[in-house]
Amino acid sequence: MSRNGKRKGGVPTAAEKFSKFFDIPSDTVDGGLTLELRGRNGLLVGGCEEILEYSPERIRLRLRRGVIVVCGCRLTMTTYYRGQTGIEGEIRGIDLCDLGGGGNGGER
């Protein structure tokens, strides 16, 4: 399968067909990244595979195709279950690293 999610020869995957039929993004169907920002104090991240760093100022999570870094103050993880991660605190920034699939995986 290629990086754009299609099989060789341009044949769409089942996730692409399903998402097109129901008019929803294909990366939400195949377990990809989803973000739900609730004001500046709550974030729900879907598609998390591993916690790489966790402190009150910075939370770094590994995704299937990259890394997300959340920076702020008094950050806490309220949920970590089946790829869903809840983060609360004063969120000052969100950085998505390497979502294309190559490179260093967000290491800084």
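Everything below is about the structure printed above this text.
Residues numbered from 1 in each chain as written. Predicted model: local features only at pLDDT ≥ 70, side-chain atom pairs only at ≥ 80, totals over all residues. Heavy atoms only, no water.

Visitor: Break down the overall build of the protein chain for me, citing the residues and quoting the values.
Guide: A tally of regular secondary structure across the protein chain gives two helices and six strands. Ordering the α and β elements of the protein chain from the N terminus gives α-α-β-β-β-β-β-β. Residues classed as buried in the protein chain amount to 31% of the 108 residues present. Considering only contacts in the protein chain between residues 6 or more positions apart, those separated by 24 or more positions represent 37%. (Helix = DSSP H or I, 4+ residues; strand = E, 2+ residues; numbered from the N terminus. Buried < 20%, exposed > 50% of the residue type's maximum accessible area, 1.4 Å probe, protein only. Contact = heavy atoms within 4.5 Å.)

Visitor: Any chance you could break down the pattern of salt bridges for me, citing the residues and the numbers?
Guide: For the structure shown, the criterion picks out seven salt bridges. Between Arg62 and Glu49 there is a salt bridge whose closest N-O contact spans 2.8 Å. Here Glu49 lies in strand E3 (residues 48-54) and Arg62 lies in strand E4 (residues 58-63), a separation of 13 residues in the sequence. Across the pair Arg62 and Glu50 runs a salt bridge, and its minimum N-O distance is 3.0 Å. Here Arg62 is found in strand E4, whereas its partner Glu50 is found in strand E3, with 12 residues between them in sequence. Several salt bridges converge on common partners, so that one network encompasses Glu49, Glu50 and Arg62. (Salt bridge = Lys/Arg side-chain N within 4 Å of Asp/Glu carboxyl O.)

Visitor: Go over unusual backbone geometry, please, and point to the residues and values.
Guide: Residue Arg74 is not a glycine yet carries a positive backbone phi of 55°. Structurally, the position occupied by Arg74 is in strand E5 (residues 66-81). Positive phi values are uncommon outside glycine, yet Arg82 reaches one of about 50°. Checked against the element boundaries, Arg82 lands in the loop between E5 and strand E6 (84-97). The class for Arg82 is exposed, based on a relative accessible area of 73%.

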